[in-house]
Amino acid sequence: MTTYVEKLDFYRPASEIFERYHQEPFAIFLDSSTPVASCCDSSQFADSSQTPSMPVAGRCSSSQYAGSSQAPSTPVAGRCSSSRQYERYSIIALEPYLILTETEGRCTENGAACPESLEQRLSRRLEKHREENPTHLPLIAGAFGYFSYDFCRKFENIHSRHPRTVQVPDAFFAFYDVLIIEDREERALYLAMREEAADFGARLTKYRSELRKPCFVPAPTAHKGLAPFSSAFTKASYQKAIRRLIEYIRAGDIYIANMTQQLRLSSSRDPYEVYRYLRTHHPAPFGGFLQGVDFQVVCASPERFVRIRGNRVETRPIKGTRKRGSTKQEDSMLREELRHSAKDRSELLMIVDLERNDLNHICEAGSVQVPEHFVIEDYSTVFHLVSTVIGRRRQDIEIPELLHSLFPGGSITGAPKIRAMEIIDELELERRNLYTGTLGYFSLDGNCDFNIMIRTGICHGNQWHLGVGGGITCESDPEAEYEETLQKAKAMREALWSGDGARGQAGTRRLSDGLGNDARGQADSDDARELSDGLGDDAHGQVEGLDSARKHADTGGGVDTDDDFVQEETV
């Protein structure tokens, strides 16, 4: 495969560009909205720990700039935090030509059943299309998507006692014809296109023209309203579950575990408007938006799961949270309270130990280090306590083994991980679904970058699902832990509040409409029709397709509305 990369002769922010394309089927936006200046290298969600930028035009040759995009091979203790530095890149992925999904262990490729698991198929496709990246950009081609928390159960043969309540794939990855990459440091735009794509020349010309046109939309107005929610837990039952979890800890089953609840909300706000609100008023370093055809993912995550650049592996677990104060004095007091909290520091220390152990499975012996420990990061509604763990990846590690070793993250499960996951499923009242899964990309040159999907909403029609939780130790106070979950939900509830109106009802273009009328000519090709037809037959609820396919979907359709959701909180 060959990718054409061009530096455009004009500039505008990626967020403005995505305004034009966000309704396209399976459009993905990976973006940081945290404008924090760096004191050293400026790497973040899309890595920027690269060599100085070089002009790119025309076809990329892997021999022309061989090795120019590799991060340092040796971990450097004491390097500044990568998550709160100025984000250099934002990435938009459009026009998928190959889509992989997996639901309940059944993998599909463009809608057709696949005999391999998704991670095996994904690994095979990435290797088959491997392509070096001779530019300073974080990637020029690759697979974008997510793994849900539920997807990871098969690695440890842990089955859930809970039925499915959100009908979206357990894992989704797509290879795209078009990437639009914003370099904020250069104030430059890059267009990367797969040369094998149909009508390549005409589409290239059209994108150049479209991207030049302004598509500015005023920023959403801030407000204090909070959308009401329901939960299977009441405050009392959540506290009871925490007390039972503490009993497990005192009995020696586990040292720490993450306890969560799932909130359900109804909102008339368009999912992309929800993302724009979060991006504007509650910025996060590892945000994202995915436009499924009958679902959307809105993410404002503060946590990196894993990044690989060359042979450098990095994970950044979060443990310890305080709300923001209403005054400067209260803010400072709460920050210092978190900084000196023995409970929160011990909580993070246990997770760092778990992450070091996980990295040791895929890294060279003796290379795993903790260059940052107990760093305070401030966000719009909370403070977090964060550490960084790094190592040198072994060259024989491929995607299936990487996932098995690292996923799910220790910060959102516990230690020991397997026993913590078993107890989590026993005490929590619903499946987590996408919550505490991971969203990001695998590059065709062997690199990757993924967040942890916290502060993340999943939309099905007007119904939203939001997971919130926190780490529990033997020192945890059940009432404080419950209140922490509400604090973590505050930004998303604020974004979902529809009392001040919205640009339109939640909803999205059907795949048949989106591909059939695609101005980029995708639907005019046989490949696009095959993609549309294949996905239309997907029985896992991913696409609004043939009615017969929906009737025979083994997972059913829609959202469970059982009466066990008894709690209702309003403004």
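Residues numbered from 1 in each chain as written. Predicted model: local features only at pLDDT ≥ 70, side-chain atom pairs only at ≥ 80, totals over all residues. Heavy atoms only, no water.

Trainee: Help me out: how do you make sense of the overall build of the protein in this one?
Mentor: Check the secondary structure of the protein and you find 14 helices and 23 strands. When burial is assessed residue by residue, the protein has 64% of its 571 residues classed as buried. Long-range pairs, those at least 24 residues apart, make up 79% of the contacts in the protein between residues at least 6 apart in sequence. Summed over its atoms, the accessible surface of the protein is roughly 20,600 Å², and 48% of this surface lies on carbon and sulfur atoms. (Helix = DSSP H or I, 4+ residues; strand = E, 2+ residues; numbered from the N terminus. Buried < 20%, exposed > 50% of the residue type's maximum accessible area, 1.4 Å probe, protein only. Contact = heavy atoms within 4.5 Å. Areas by Shrake-Rupley, 256 points an atom, 1.4 Å probe, with all protein chains shown as cover.)

Trainee: I keep staring at the packing of aromatic side chains and nothing clicks. Help me out?
Mentor: By convention here, two paired aromatic rings are described through the distance between centres and the angle between planes. Considering all chains together, one arrives at 26 aromatic pairs under this definition. Ring geometry for F144 and Y441: centres 5.7 Å apart, planes at 40°, overall tilted. Pair noted here: F144 is in strand β6 (residues 142-147) and Y441 is in strand β19 (residues 438-443), with a separation of 297 residues, a long-range link. Overall, the relative accessible area of 0% leaves Y441 in the buried class. A ring pair is formed by Y272 and F289, whose centres lie 5.3 Å apart and whose planes are at 80°; its orientation type is edge-to-face. Of the two residues, Y272 sits in helix α6 (residues 271-281) while F289 sits in strand β11 (residues 286-291), which places them 17 residues apart along the sequence. Across the pair, exposure class does not vary: Y272 and F289 are buried alike. (Phe/Tyr/Trp six-rings, centres within 6.5 Å; stacked < 30°, edge-to-face > 60°.)

Trainee: Whenever I open this one, the packing of α6 against helix α11 (residues 478-496) confuses me. Can you help?
Mentor: When two helices pack together, you describe them by how their axes are tilted relative to each other and by the distance separating the axes. At a closest axis distance of 8 Å, the pairing of α6 and α11 adopts a crossing angle of 130°. Looking at the two axes, α6 sits oblique to α11. α6 and α11 meet at a crossing whose hand is right-handed. Judged by residue contacts, V274, Y277 and L278 of α6 engage A491, M492, E494, A495 and L496 from α11. Classifying every residue of the contact of α6 with α11 gives seven nonpolar, no polar and one charged. (Axes fitted to C-alpha atoms, helices over the stretch in contact; angles between N-to-C directions. Parallel < 35°, antiparallel > 145°, perpendicular 65-115°, else oblique. Left-handed = near helix turned anticlockwise from the far one by under 90°. Nonpolar A, V, L, I, M, F, W, Y, C, P; charged D, E, K, R; others polar.)

Trainee: Help me understand the confidence of the model for the protein in this model?
Mentor: Low-confidence regions, as indicated by low pLDDT, have predicted coordinates that should not be scrutinised in detail. Per-chain confidence: the protein averages 81 in pLDDT, with 78% of residues scoring 70 or above. Confidence scores differ between elements of the protein, with helix α14 (residues 547-551) showing the lowest mean pLDDT of 32 and helix α5 (residues 235-250) the highest of 98. Overall, residues 36-86 carries pLDDT values under 50, and its contacts beyond four positions in sequence, including any with other chains, amount to 146 contacts. The low-confidence segment residues 501-571, where pLDDT is below 50, has 160 contacts with residues more than four positions distant or belonging to other chains. (pLDDT = per-residue confidence, 0-100.)

Trainee: Is there a simple way to explain the nonpolar core in this structure?
Mentor: Taken as a class, soluble globular proteins show a tendency for nonpolar side chains to be buried jointly. Among the nonpolar cores identified, the biggest contains 59 residues, and I180, L191 and M259 are the most heavily contacted of them. With residues near it in sequence (within four places) discarded, I180 still touches I17, Y21, S90, I91, I92, L94, L189, Y190, L191 and L211. Judged by nonpolar contacts, the second largest core, of 52 residues, contains F151, V352, F374 and L406. (Core = buried A, V, L, I, M, F, W, Y, C linked by side-chain atoms within 4.5 Å.)

Trainee: Help me understand the pattern of salt bridges in this model?
Mentor: Between side chains of opposite charge, a pair can form as their charged atoms come close. The final tally for this structure, using the stated rule, is 53 salt bridges. D344 is the salt-bridge partner of R322, the closest N and O atoms lying 2.9 Å from each other. Residue R322 is located in strand β15 (residues 318-323), and its partner D344 is located in helix α8 (residues 342-360); the two are separated by 22 residues in the primary sequence. As far as the burial class goes, R322 and D344 line up, both buried. Residues E484 and K488 are paired through a salt bridge, measuring 2.8 Å at the closest nitrogen-oxygen approach. Here E484 and its partner K488 are both found in helix α11, four residues apart, which amounts to about one turn of the helix. Exposure class is identical for E484 and K488. Each is buried. Look at the salt bridges and you will find they share partners, linking R322, E337, K343, D344, E347 and E481 into a network. (Salt bridge = Lys/Arg side-chain N within 4 Å of Asp/Glu carboxyl O.)

Trainee: It is not clear to me how the packing of helix α1 (residues 14-21) against α6 should be interpreted in this structure. Could you clarify?
Mentor: Packing of α1 against α6 brings their axes to within 12 Å, and their N-to-C directions diverge by 170°. Between α1 and α6, the angle falls in the class roughly antiparallel. Counting all contacts with α1, which are made through S15, F18 and E19, the residues of α6 involved are Y272, R276 and R279. Of the residues contributing to the contact of α1 with α6, the split by class is two nonpolar, one polar and three charged.

Trainee: Can you walk me through the pairing of strand β2 (residues 28-31) in this structure?
Mentor: The side chains of a regular strand alternate, residue by residue, between the two faces of the sheet. On β2, burial covers both faces: I28 and L30 on one face and F29 and D31 on the other are all buried. Sheet topology places β2 next to strand β3 (residues 89-103); three bridges connect them, and they run antiparallel. Residue F29 lies in a different strand from β3, and its bridge partner there is I92. Two strands pair when backbone bridges link them, and β2 and β11 are joined in this way by four bridges, in the antiparallel orientation. Of the residues in β11, the one forming a bridge with F29 is F289. (Pairing = 2+ DSSP bridges.)

Trainee: Teacher, can you tell me more about empty space enclosed by the protein here?
Mentor: Where empty space is left can be seen by rolling a probe of water-molecule size over the atoms. Using the criterion set out here, one finds 13 cavities of 30 Å³ or more in the structure. A volume near 220 Å³ is recorded for the largest cavity. For the lining of the largest cavity, the secondary-structure elements that each account for two or more residues are β15, α8, β22 (463-472) and α11. If one sorts the elements of the lining of the largest cavity by residue count, β22 sits on top with five residues. Along the lines of polarity and charge, the residues of the lining of the largest cavity split into five nonpolar, ten polar and nine charged. Approximately 140 Å³ is the volume attributed to the second largest cavity. In this structure, the second largest cavity is lined by 14 residues; those nearest its centre are H282, A300, T381, R455 and A491. (1 Å grid on protein atoms, 1.4 Å probe; cavity = no way out; pocket = protein on both sides within 12 Å on 5 of 7 lines; lining within 4 Å. Points joined across faces, edges and corners; volume = space filled by probe spheres on them.)

Trainee: Help me understand the side chain of E428, please; the structure alone is not making it clear to me.
Mentor: Examined against the element boundaries, E428 turns out to sit in the loop between α10 (417-427) and β19. Residues within four places of E428 in sequence aside, it is in contact with R161, H162, F233, N258, M259 and T260.

Trainee: So what exactly am I meant to see when it comes to the pairing of strand β16 (residues 369-378) here?
Mentor: With six bridges connecting them, β16 and strand β17 (residues 382-392) associate as antiparallel partners. Counted as the bridge partner of D378 is F383 from β17. Remark: three residues form the turn of the hairpin made by β16 and β17, two consecutive strands paired antiparallel.

Trainee: It is not clear to me how the environment of R312 should be interpreted in this structure. Could you clarify?
Mentor: Residue placement: R312 occurs in strand β14 (residues 312-316). Taking relative accessible area as the criterion, R312 reaches 8% and is therefore assigned buried.

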